[in-house]
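Structure assessment
One-letter residues, chain by chain:
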Amino acid sequence: MDYYGPNGAGKSTTMNMITGYIESTTGEIIVDGYDIDRKPKKVKKQIGYMPEGVPLYTDLTVKEFVTYMAEIKKVDRKTRKEKVEKIIEQTGLKDVEKKLIKKLSRGYKQRVSMAGALVGEPKILILDEPTVGLDPKQITEIRNLIKELGKEHTVILSSHILSEVSQICNRVIIINKGKIVAIDTPENLEKKAVSKNCVYITVEDPENKMDTIKEKIKGIKNIECTKTNEDKTKEYSIEAEGDIDLRKILFNELAKENITIFEMKKADATLEDAFMKLIEGGNK
Amino acid sequence: MWAVIKKELKQYFCTPIGYVFIGIFLIAFSVSFYFTVIGYGNVNYEYIFYSTPTIFVLAFLIPLLTMRSFSEERKNGTEQLLLTSPLSITKIVLGKFIAALIVTIITAIFTLMYFGILCYFGMPQISTAIAALIGFILFVMAYIAFGMLASSITENQIIAAVISIAFFIITWVMPNFNSNLQSFSFINMLYKYTSGQIDIADTVTFITFTIACILLTIIVMQRRKSIK
């Protein structure tokens, strides 16, 4: 599941409240049947929290840190050593377990923080912006790790990167200014966002016939040149009436007109569009 | 709670803080030792705890020990790890307090070597030495508790240190300005211990003050949850 919202929407605040770091002013938070205000210890035991900005004790080594986290989470002494080993293995920290955390790169720090959250076998993992500040390779690694973890734990993730959300999550909650604007699966949200039936096309048009195409093909509502490229190709966005799929017609007709198609794409609404639509709707 | 103590001690001794605390205190202690024993020919181990160089370095060393306890956690955000763990705030505060106290006790144990030296050359009194050690530990304990309170109200370590140094110096020079305050002075209480008297009233004062500071620290931490 994912928490998604613009900066300052209240993602981190919500997470801080669920984990018991700050108290809520009104309402109640129930985690796994327990109220956080009444049974904080029980709730906190269920949750593994990776806070924003990866706070770590930089003077400790990786292993010391994970062991410390296991201790404060009251992992049974007999199995503690094994469990710490297992988590270090799982998060790929075996090679650096004896290094001081301050000497590690950002990506590794992120993993250490995640290892800290994972220890103690929490039912719910709460990750606040887990991929911020990483390079693309590290991002892929962390995402794969999260996907892997999603099989065993309930993962609640906060993010403002959309591609991440659509890749990892099964359910999305979009919040804006502290209010929920949508709860749904990423696919459904994408579907809802499709508003226009539109085709994007890149063509080479030496005789400038594209302007006349609107009259020749039925069903075109609007045609617009969006960009002229350096290699003399032009990009157009063509809007169709109703539900007509223009691609086949365009392909045949443009060939007759001696216009070469370089690229053709049907507009696909992304989560981004869904997001923009919801947020704008909320602001109005 | 043991986990917090262990981690704090690790941080004291993985960074220079622990060594600086013990080292500088022992240097000041040695200077006092030189003046009292060699300069005046006194066979007094206990008096050194009350000497000006020792008290003077303590004014700066105790804040060094306590200034980072909560400020640093808050600044780095590691406070979130602690407060979202199943540990109660009371245990976190006590853990940090006990860790700082252990560093003090280690220092006190190191000073015993001066007692050994005196034993070799003369006949120092064991009973007053024990009273002085107890007094010293109680005295430092009170200031550690206050230092932690100072650290819990700010995320800036320097401010935390300045507050606790100021408090130390004020309580140090206070009796010189008004003789009515004599009986409230921690330094005067320490003096009584170093002269061999373990006064119940003084002991209770130290312990009450320590407990009050720890309770206030716990309250500050608890309150911060709802103010953020």
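As a convention, each chain's residues are numbered from 1 in the sequence order in which they are written. Each chain takes a letter, starting from A, and each ligand takes a number, starting from 1, following the order in which they are written. This being a predicted model, a pLDDT of at least 70 is required before a residue's local features are given, and a value of 80 or more before pairs of side-chain atoms are given or counted; all residues contribute to the totals for chains, interfaces and linings.

Some details on the sheet that holds strand 11 (residues 233–240) of chain A
All names here are of chain A. Note the cut-off: The criterion for strand pairing is that DSSP finds at least two bridges linking the strands in question. Helix and strand assignments follow DSSP, with helices taken as H or I runs no shorter than four residues and strands as E runs no shorter than two, numbered in order from the N terminus. Note on definitions: angles span 0 to 180 degrees between N-to-C directions of axes, and those axes are lines fitted to C-alpha atoms, for helices only across the stretch in contact. C-beta atoms are placed from the backbone for every residue, and two residues are taken to be in contact when these atoms lie within 7 Å.
Here we have 4 strands laid out as an open sheet, ordered 10-11-9-12, and antiparallel in their pairing. The outermost strands of the open sheet, each flanked by one partner alone, are strand 10 (220–228) and strand 12 (260–266). Across the sheet, the axes of successive neighbouring strands diverge by a mean angle of 20°, strand direction being ignored. When strand 9 (residues 198–204) meets strand 12, the two strands line up antiparallel, connected through 6 bridges. Across the sheet, the residue bridging to Val 199 is Lys 266, located in strand 12. Strands in contact with helix 10 (residues 247–256) are strand 9 and strand 12; relative to strand 12, the strand with the most contacts, it is inclined by about 175°.

A word on helix 3 (residues 62–72) of chain A
Our working definition: Partly exposed residues are those whose C-beta has more than 12 but fewer than 20 other C-beta atoms within 10 Å; 20 or more makes a residue buried and 12 or fewer makes it exposed, with C-beta atoms placed from the backbone.
Burial of helix 3 of chain A is extensive: 10 of the 11 residues sit out of reach of the surface. Val 62, Glu 64, Phe 65, Val 66, Thr 67, Tyr 68, Met 69, Ala 70, Glu 71 and Ile 72 of chain A are the residues of helix 3 of chain A that are buried. Summarising the contacts, the buried residues of helix 3 of chain A are in contact with helix 4 (77–90) and helix 5 (106–118) of chain A together with helix 1 (2–14) and helix 5 (78–83) of chain B. Looking one or two residues beyond helix 3 of chain A, the residue adopting positive phi is Lys 74 of chain A, at roughly 60°.

A few points about the nonpolar core
Note the cut-off: Each nonpolar core comprises buried Ala, Val, Leu, Ile, Met, Phe, Trp, Tyr and Cys residues, the members being joined through C-beta atoms within 7 Å.
By size, the foremost hydrophobic cluster in this structure holds 109 residues, and its most contacted members are Phe 65, Val 66, Ala 115 and Ile 126 of chain A together with Ala 142, Ile 144 and Ala 145 of chain B. Not counting residues within four places of it along the chain, the set of residues in contact with Phe 65 of chain A comprises Leu 56, Tyr 57, Leu 60, Ile 101, Val 112 and Gly 116 of chain A. With 9 residues, the next largest nonpolar core counts Val 199, Ile 201, Val 203 and Ala 240 of chain A among its residues.

What to know about unusual backbone geometry
Residues and elements named next belong to chain A. In this structure, Val 54 takes a positive phi of about 35° despite not being glycine. With respect to the helices and strands, the residue Val 54 is situated in the loop between strand 4 (47–50) and helix 3. Take Val 54: there are 22 C-beta atoms within 10 Å of it, and that puts it in the buried class. In this structure, Lys 74 takes a positive phi of about 60° despite not being glycine. Turning to its location among the elements, Lys 74 is positioned in the loop between helix 3 and helix 4.

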